[in-house]
Number of protein chains: 2
Amino acid sequence: MTINDNKIRLIVADDHTLVRQGIVQMLRQHDEFDVICECEDGVALVQAVVKHNPDVILMDISMPKMNGLVAIDRVIQQRSDAKVLVLTMHDEIEYMVALHRAGARGYLLKESSTDQLATAIRALHRGRTFFPDVLEKSLESTANGRGKPVSLLGGLTRREREVFFLVVAGHTTKDIAGLLDMSHKTAENHRGRVLAKMEVANTAELIRLAAREGLLE
Amino acid sequence: MTINDNKIRLIVADDHTLVRQGIVQMLRQHDEFDVICECEDGVALVQAVVKHNPDVILMDISMPKMNGLVAIDRVIQQRSDAKVLVLTMHDEIEYMVALHRAGARGYLLKESSTDQLATAIRALHRGRTFFPDVLEKSLESTANGRGKPVSLLGGLTRREREVFFLVVAGHTTKDIAGLLDMSHKTAENHRGRVLAKMEVANTAELIRLAAREGLLE
DNA sequence: GGTAATATCAGCGAAAGCACTGATGGAGAA
DNA sequence: TTCTCCATCAGTGCTTTCGCTGATATTACC
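Going by an unreviewed UniProt entry, chain A carries the name Response regulator transcription factor and comes from Aliidiomarina halalkaliphila.

Enquirer: How do you make sense of the environment of Val50(A) when you look at a structure like this?
Expert: Residues and elements named next belong to chain A. Inspection of the secondary structure puts Val-50 in helix α2 (residues 42-52). What makes Val-50 partly exposed here is its relative accessible area of 39%. Along the backbone, Val-50 and Gln-78 are 28 residues apart, and their C-alpha atoms lie at a distance of 6.7 Å.

Enquirer: What's the story with the sheet that holds strand β4 (residues 84-88) of chain B in this structure? I'm lost.
Expert: All names here are of chain B. Strand order in the open sheet formed by five strands is β2-β1-β3-β4-β5, with parallel pairing between adjacent strands. Lying at the two open borders of the sheet, with one neighbouring strand each, are β2 (33-39) and β5 (106-109). With direction set aside, neighbouring strand axes in the sheet form an average angle of 25°. Across six bridges, the pairing between strand β1 (residues 8-13) and β2 is parallel. Opposite Ile-8, over in β2, you have Phe-33 as the bridge partner. Against the sheet, helix α1 (residues 17-27) engages β1, β2, β3 (56-60) and β4, with an angle of about 165° to β2. Where helix α5 (residues 114-125) meets the sheet, it contacts β1, β2, β3, β4 and β5, and its direction lies at approximately 155° from that of β4.

Enquirer: Just checking my understanding: could you explain the protein's contact with DNA strand C for this structure?
Expert: Surrounding DNA strand C, one finds 20 residues, the nearest of these being Thr157(A), Ser183(A), Lys185(A), Thr173(B) and Lys174(B). A share of 59% is what sugar and phosphate atoms reach among the atoms of DNA strand C within 4 Å of the protein. With respect to DNA strand C, the side chain of Arg159(A) contributes an N or O atom lying 2.8 Å from a phosphate oxygen. A distance of 2.8 Å separates a base nitrogen of DNA strand C from a polar atom in the side chain of Asn189(A). Counting residues per element, the ones that place at least two in the surface near DNA strand C are α7 (158-168) and α9 (184-198) of chain A together with α8 (173-180) and α9 (184-198) of chain B.

Enquirer: How do you make sense of the side chain of Lys110(B) when you look at a structure like this?
Expert: Positionally, Lys110(B) belongs in the loop between β5 and α5. When its relative accessible area of 2% is taken as the criterion, Lys110(B) is described as buried. In this structure, Lys110(B) is in contact with His16(A), Thr17(A), Leu18(A), Val19(A), Asp14(B), Val19(B), Asp60(B), Leu87(B), Thr88(B) and Met89(B), ignoring residues within four places of it in sequence.

Enquirer: Would you mind showing me how to read the state of the cysteines here?
Expert: Each disulfide consists of a covalent bond between the sulfur atoms of two cysteine residues. Residue and element names in this part refer to chain B. Tallied over the full model, the rule gives zero disulfides over all chains. In this structure Cys-37 is a free cysteine whose sulfur lies 3.9 Å from that of Cys-39, the closest cysteine sulfur available. For Cys-37, a relative accessible area of 14% corresponds to the buried category. For Cys-39, a relative accessible area of 2% translates into the label buried.

Enquirer: When you look at unusual backbone geometry in this model, what are you seeing that I'm missing?
Expert: Residues and elements named next belong to chain A. One non-glycine residue, Asn-53, adopts positive backbone phi at about 45°. Take Asn-53: it is sitting in the loop between α2 and β3 (56-60). Despite not being glycine, Asp-181 has its phi angle at roughly 55°, a positive value. Looking at where Asp-181 falls in the secondary structure, it is placed in the loop between α8 (173-180) and α9. Exposure remark for Asp-181: the relative accessible area of 70% places this residue in the exposed category.

Enquirer: Could you clarify how one ought to interpret helix α2 (residues 42-52) of chain B in this entry?
Expert: Note: α-helices contain 3.6 residues per turn, so residues at a spacing of three or four share the same orientation. Residues and elements named next belong to chain B. Looking only at α2, the buried set comprises Gly-42, Leu-45, Val-46, Ala-48 and Val-49. Projected onto a plane normal to the axis of α2, the buried residues spread over an arc of 165° and lie on a single side. In α2, the exposed residues that point more than 90 degrees away from the buried face are Gln-47 and Lys-51. Between the side-chain oxygen of the N-cap and the backbone nitrogen of Val-43 there are 3.0 Å, and the N-cap of α2 in question is Asp-41. Within two residues after α2, Asn-53 carries a phi angle of roughly 45°, on the positive side.

Enquirer: What should I look at first to understand the nonpolar core in this one?
Expert: The nonpolar side chains of a soluble globular protein tend to be buried with one another. Ranked by size, the top nonpolar core spans 69 residues in total, and within it Phe164(A), Leu206(A), Leu45(B), Phe164(B) and Leu206(B) carry the most contacts. Residue contributions to this core peak at six residues, all from helix α7 (residues 158-168) of chain B. Ignoring any residue separated from it by four or fewer positions in sequence, one finds Leu45(B) in contact with Ile11(B), Ala13(B), Cys39(B), Ile57(B), Met59(B) and Val75(B). Val24(A), Val56(A), Leu58(B) and Leu85(B) belong to the second largest nonpolar core, which has 42 residues in total.

Enquirer: Whenever I open this one, the packing of aromatic side chains confuses me. Can you help?
Expert: How two aromatic rings sit relative to each other is given by the distance of their centres and the angle of their planes. Residues and elements named next belong to chain A. For the structure on display, the rule yields two aromatic pairs over all chains. Measuring from centroid to centroid gives 5.1 Å for Phe-164 and Phe-165, while their planes differ by 75°, and the two rings are edge-to-face. Its relative accessible area of 39% is what places Phe-165 among the partly exposed residues.

Enquirer: Which parts of the structure should I look at to understand the packing of α7(A) against α9(A)?
Expert: In a pair of packed helices, the angle between the axes and the distance between the axes together describe the arrangement. Residue and element names in this part refer to chain A. For the pair α7 and α9, the least separation of the axes is 9 Å and the interaxial angle reads 90°. When the axes of α7 and α9 are compared, the pair comes out roughly perpendicular. Across the interface between the two elements, Arg-159, Glu-160, Val-163, Phe-164 and Val-167 of α7 pack against Ala-187, His-190, Arg-191, Arg-193, Val-194, Lys-197 and Met-198 of α9. Split into classes, the residues belonging to the contact of α7 with α9 amount to six nonpolar, one polar and five charged.

Enquirer: How do you make sense of the protein's contact with DNA strand D when you look at a structure like this?
Expert: Neighbouring DNA strand D are 20 residues, the closest being Thr173(A), Thr203(A), Thr157(B), Ser183(B) and Asn189(B). Within the side chain of Glu188(A), one N or O atom sits 3.0 Å away from a base nitrogen of DNA strand D. Counting only elements with at least two residues in the surface near DNA strand D, the list comes to α8 and α9 of chain A together with α7 and α9 of chain B. If you tally residues by element for the surface near DNA strand D, the top one is α9(B), at five residues.

Enquirer: Explain the confidence of the model for chain A here, please?
Expert: Taken residue by residue, chain A gives an average pLDDT of 77. The fraction at 70 or more is 77%. Segment residues 134-151 of chain A: pLDDT under 50, and 18 contacts once partners within four positions in sequence are set aside and those in other chains are kept.

Criteria and thresholds
Residues numbered from 1 in each chain as written. Chains lettered and ligands numbered in written order. Predicted model: local features only at pLDDT ≥ 70, side-chain atom pairs only at ≥ 80, totals over all residues. Heavy atoms only, no water. Helix = DSSP H or I, 4+ residues; strand = E, 2+ residues; numbered from the N terminus. Buried < 20%, exposed > 50% of the residue type's maximum accessible area, 1.4 Å probe, protein only. Pairing = 2+ DSSP bridges. Axes fitted to C-alpha atoms, helices over the stretch in contact; angles between N-to-C directions. Contact = heavy atoms within 4.5 Å. Near = heavy atom within 4 Å. Polar contact = N/O pair within 3.5 Å; in protein donor to acceptor, adjacent residues only side chain to side chain. Disulfide = S-S within 2.5 Å. Arc of directions from axis to C-beta. Core = buried A, V, L, I, M, F, W, Y, C linked by side-chain atoms within 4.5 Å. Phe/Tyr/Trp six-rings, centres within 6.5 Å; stacked < 30°, edge-to-face > 60°. Parallel < 35°, antiparallel > 145°, perpendicular 65-115°, else oblique. Nonpolar A, V, L, I, M, F, W, Y, C, P; charged D, E, K, R; others polar. pLDDT = per-residue confidence, 0-100.

Below is the structure:
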């Protein structure tokens with residue numbers, strides 16, 4: 001037995017102890033995996049990556065002390081070949097794209113099965129990526145079409161952004177028309193395009209999205 | 001009356017398979033617990049409770065198909081003595097108060113340790129409750145310092161609270177009527193009363209308010 | 001000069017939201 | 001037993017949202 005008996009060496013980072021320990025417990029059922037370290041926040045993760053140089057890193061994106069995106073950035077800075085598999089509850093495409101750009105190599109919803117988790121880990125270990133189909137499509141379309149939008153507000157035009165902020169501030173289209181000195185039909189049209197670009201069905205969802213992105217207040 | 005030794009019989013409900021299975025895996029390490037059923041949503045949970053009559057119910061509050069608060073309500077309807085332990089990531093007091101009123105007997109953050117989880121389960125099984133200290137204080141203050149609303153949700157009736165959560169989740173009144181099995185007019189009425197009590201003009205403002213209060217998942 | 005993106009306006013129709021009012025039955029308290 | 005709160009359903013009427021289509025003017029880029 002060598003110390004390196006080709007197990008896949010993992011670091012698991014998640015601030016929710018119950019969740020993290022649960023996942024670790026589960027991974028320990030598989031012989032092929034070796035959880036060498038657990039982290040509660042991004043800072044600890046970056047240090048652990050430097051110290052242990054794991055094969056694959058499993059991490060939640062919403063962690064205290066250091067935002068997940070920033071954490072990925074730091075990790076990649078330390079080890080440009082780091083294989084980061086993000087575990088998350090959000091299936092918003094915006095999230096996926098952002099993570100992909102940040103350098104994550106895989107993205108897995110917490111709704112996923114344990115089999116999928118194992119598959120994803122193996123994929124990353126072999127140098128592959130693991131993203132849901134939706135993202136693949138989106139990345140293609142951004143590659144084909146001009147490589148623009150991505151950021152939540154980036155895809156909006158100037159006027160649409162103005163309308164967006166007034167909508168999430170709770171104004172009706174008529175209000176907005178008055179405030180921006182335009183026809184209420186124009187305001188409606190802008191509003192409609194915002195909803196379409198943001199891929200939400202109604203104002204309620206739009207505001208939820210804005211809240212998630214920290215765009216309220 | 002205990003046919004199968006005196007293990008504490010548990011149902012675990014969480015829509016995130018990874019999280020759920022992790023927790024289950026962890027509970028199986030303890031001899032004193034017996035996980036008799038896992039559920040992915042509120043609907044399944046209610047059915048499972050009726051069927052298995054567990055000692056303690058572990059549940060996430062943010063689940064698809066049926067909002068957690070609604071689910072608790074239904075569970076309590078079926079078994080008024082059901083011991084519901086809520087697992088969540090949110091430590092907002094509003095949530096705790098609402099859950100307490102809904103009939104949950106315990107509240108545990110996912111940041112908690114496994115020991116705390118075991119302690120909480122045992123507490124509920126013995127007929128005690130398990131809430132963070134902050135809540136105890138808050139509940140006292142509502143009892144003593146009379147009158148004061150304290151909670152945003154405090155002024156709402158049980159049904160109004162259910163509707164509230166579904167509204168801020170982005171559902172239309174028709175959706176809500178379906179989910180709560182009521183006429184769409186009734187749902188509209190509840191919604192209207194929620195808007196009035198919260199002193200906001202429309203859904204947009206309501207969601208902003210909810211976001212400010214940390215009531216969005 | 002052609003092309004593309006943007007900002008503007010408008011109409012239509014379906015759906016949803018919102019403000020009223022009124023009515024019934026049940027549960028619990030005074 | 002009254003009385004109040006709650007949950008339920010319903011109707012009317014108006015406003016707002018939302019999806020779709022189509023049109024024009026300006027700007028800017030190649």
